[in-house]
Amino acid sequence: MADSTAERIRRLAKPMRVAPGEKVNLSSKQWDPGATAEFLQKGDADEALAEGVALMAEYQARLAAQDTWSVLVILQAMDAAGKDGTISHVMSGVNPQGVEVTSFKVPSALEQDHDYLWRAALRLPARGMIGIFNRSYYEELLVVRVHPEILAGERMPPASKGPDVWKRRFREINDWERYLTDNGTKIVKLFLHVSKDEQRKRFLDRIEEPESNWKFSAADARERKYWDDYQNAYADLLENTSTERAPWHVIPADHKWFMRVAASSVILDALMDINPQYPVPSAAAKTEMEQAKAELLAGG
Ligand code: ATP
Ligand code: MG
């Protein structure tokens, strides 16, 4: 990879990272949903994304061959921020055998019969794989926090639903992510940060454009009433679960072209950290290959 590409990737990714323990005010200039980077113009975005897509394919091939690390990409966002489009654009060049996407919905009856991390554990990527969580166990700190009746309906012992439940979940998630990282899962967490006004425009577009009607949900539009509660829940989650090993990144999402290059860069940055390598054959394997080659060349 050209040095300039690696440098661009790191330069894009770095300011979006939430430092461990950092106070987060999502309405401050620092986390502006309309932000872009001065060194990347809209006209260059397609080329930058294409470069990112090609690199992603190369890293995925090496990750699979090395078969040591897995990568778990967690995507969280308000509705219409662009999770689906980001996944399809950023991962478009990757061998489909190397990626698994899981969309987490309202828990089923079976899922409710287990602790909240259970269904996520079932979908963790195996070594060599990239797993993408479209929503995740972080919903347990978002929708469940914004709507107390959901927590009330969870089938935990009453003592587990006390006022310390959020603090406890922060700890549980941090502990779990530490365990996963220590055992070879690299966790990349992306919050696609859209503004309330841009969300309104996108909902209106979904109503106006017949091909997008299917994406419109009146329930999503009603959920806007709780916008501030969600932003507060996100800020608290970012402050408490961005760690050295598994940091959160706040991706400005009002400009789709920028969001995609930015999300791609953060994932690539993590892959560059792993820097997976094709395994080098042992001396014995090399001898075997030489023998096989000789036999094949001899027409065997
Ligand atoms: P899209 O609308 O683009 O298809 P989506 O991720 O919004 O994608 P939906 O089926 O519309 O998918 O929504 C999933 C819903 O499930 C969201 O409202 C989310 O808050 C809810 N959800 C996810 N996890 C949980 C959870 N653990 N507890 C309660 N609700 C959850
Ligand atoms: Mg939805």
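The structure under discussion appears in the preceding block.
Rules behind the numbers
Residues numbered from 1 in each chain as written. Chains lettered and ligands numbered in written order. Predicted model: local features only at pLDDT ≥ 70, side-chain atom pairs only at ≥ 80, totals over all residues. Heavy atoms only, no water. Helix = DSSP H or I, 4+ residues; strand = E, 2+ residues; numbered from the N terminus. Expected span 1.5 Å × (residues − 1). Buried < 20%, exposed > 50% of the residue type's maximum accessible area, 1.4 Å probe, protein only. Arc of directions from axis to C-beta. Contact = heavy atoms within 4.5 Å. Polar contact = N/O pair within 3.5 Å; in protein donor to acceptor, adjacent residues only side chain to side chain. Axes fitted to C-alpha atoms, helices over the stretch in contact; angles between N-to-C directions. Parallel < 35°, antiparallel > 145°, perpendicular 65-115°, else oblique. Left-handed = near helix turned anticlockwise from the far one by under 90°. Nonpolar A, V, L, I, M, F, W, Y, C, P; charged D, E, K, R; others polar. Core = buried A, V, L, I, M, F, W, Y, C linked by side-chain atoms within 4.5 Å. Patch = residues over 30% accessible without salt bridge, like charges linked within 9 Å, V, L, I, M, F, W, Y side chains within 5 Å. Areas by Shrake-Rupley, 256 points an atom, 1.4 Å probe, with all protein chains shown as cover. Salt bridge = Lys/Arg side-chain N within 4 Å of Asp/Glu carboxyl O. Lys, Arg positive; Asp, Glu negative; His and termini not counted. Charge placed at Lys NZ, Arg CZ, Asp CG, Glu CD. Near = heavy atom within 4 Å. Pairing = 2+ DSSP bridges.

J.: Talk me through helix 9 (residues 196-208); I want residue IDs and the actual numbers.
T.: In an α-helix, one turn spans 3.6 residues; hence positions three or four apart end up facing the same way. The first and last C-alpha atoms of helix 9 sit 19 Å apart over 13 residues, in line with the 18 Å expected at 1.5 Å per residue. Among the residues of helix 9, Glu198, Gln199, Arg202, Phe203 and Arg206 are the ones counted as buried. Down the axis of helix 9, the buried set is contained in an arc of 140°. They therefore lie on one face. Where helix 9 is buried, its residues meet helix 10 (218-222), helix 11 (227-241) and helix 12 (256-274).

J.: Hey, could you go over the side chain of Glu177 for me, with residue numbers and the actual values?
T.: You can see Glu177 is positioned in helix 8 (residues 165-182). Since its relative accessible area comes to 2%, Glu177 is described here as buried. At a separation of 2.8 Å, a polar atom in the side chain of Glu177 contacts the side chain of Tyr137. Within the structure, the side chain of Glu177 is placed 2.6 Å from the side chain of Lys189, a separation counted as a polar contact. Excluding anything up to four places from it in sequence, Glu177 contacts Ile74, Tyr137, Tyr138, Ile187, Lys189, Thr241 and Ala246.

J.: Could you give an account of the packing of helix 8 against helix 11, with specific residues and numbers?
T.: Following both chains from N to C, one finds helix 8 and helix 11 inclined at 45°, their axes separated by 10 Å at the closest point. As the angle between them shows, helix 8 and helix 11 are arranged oblique. Crossing of helix 8 over helix 11 shows right-handed handedness. Contacts from Phe170, Asn174 and Glu177 in helix 8 reach Asp236, Leu237, Asn240 and Thr241 in helix 11. Taken together, the residues that form the contact of helix 8 with helix 11 break down as two nonpolar, three polar and two charged.

J.: Mind laying out the nonpolar core, listing which residues take part and the relevant values?
T.: Taken as a class, soluble globular proteins show a tendency for nonpolar side chains to be buried jointly. By size, the foremost hydrophobic cluster in this structure holds 83 residues, and its most contacted members are Met91, Tyr137, Tyr138, Leu190 and Leu238. Among the elements that line this core, the one with the most residues is helix 12, at 13 residues. Aside from chain neighbours lying at most four places away, what touches Tyr138 is Ile74, Gln76, Ile173, Glu177, Lys189, Leu237, Thr241 and Trp248.

J.: Quick one: what's the story with a negative patch on the surface, residue by residue and with numbers?
T.: On the surface, a cluster of negative charge is made up of Asp205, Glu208, Glu209 and Glu211. Looking at the element boundaries, Asp205 is found in helix 9.

J.: Can you tell me about the site of ligand 1, naming the residues and giving the values?
T.: Lining the immediate environment of ligand 1, one finds 13 residues, of which Lys83, Lys105, Arg135, Glu139 and Glu140 sit closest. At 3.1 Å from an oxygen atom of ligand 1 is found a side-chain nitrogen or oxygen belonging to Asp84. Looking at the shell around ligand 1, the elements with two or more residues in it are helix 3 (83-90) and helix 6 (143-146). Across the shell around ligand 1, the residue classes break down as five nonpolar, no polar and eight charged.

J.: Just give me the short version of the packing of helix 2 (residues 42-66) against helix 12, but keep the residues and values in it.
T.: Between helix 2 and helix 12, whose axes approach to 9 Å, the crossing angle comes to 30°. The orientation of helix 2 relative to helix 12 falls into the category roughly parallel. As for the relative orientation of helix 2 and helix 12, their crossing is left-handed in sense. Between helix 2 and helix 12, the contacting residues are Lys42, Ala45, Ala48, Leu49, Gly52, Leu55, Met56, Tyr59, Leu63 and Gln66 on the first element and Trp257, Arg260, Val261, Ser264, Ile267, Leu268, Leu271, Met272 and Ile274 on the second. Residues that form the contact of helix 2 with helix 12 fall into these classes: 14 nonpolar, three polar and two charged.

J.: So, the pattern of salt bridges: which residues are in play, and what are the values?
T.: When charged atoms on two side chains of opposite charge get close, those side chains can pair. Applying the stated criterion across every chain, the model contains 21 salt bridges. Measuring nitrogen to oxygen at the nearest pair gives 3.0 Å for the salt bridge that ties Asp79 to Arg135. Here the residue Asp79 occupies a position in the loop between strand 1 (70-77) and helix 3, and Arg135 occupies one in the loop between strand 3 (130-134) and helix 6, the gap between them amounting to 56 residues. Taking relative accessible area as the criterion, Asp79 reaches 19% and is therefore assigned buried.

J.: Report on the pairing of strand 1, specifying residues and quantitative values.
T.: Burial analysis of strand 1 places eight of its eight residues in the buried class, the great majority of the element. Note: strand 1 against strand 4 (residues 185-193), eight bridges, orientation parallel. Paired with Gln76 across the strands is Phe191, a residue of strand 4.

That's the geometry; what it means functionally is another story.
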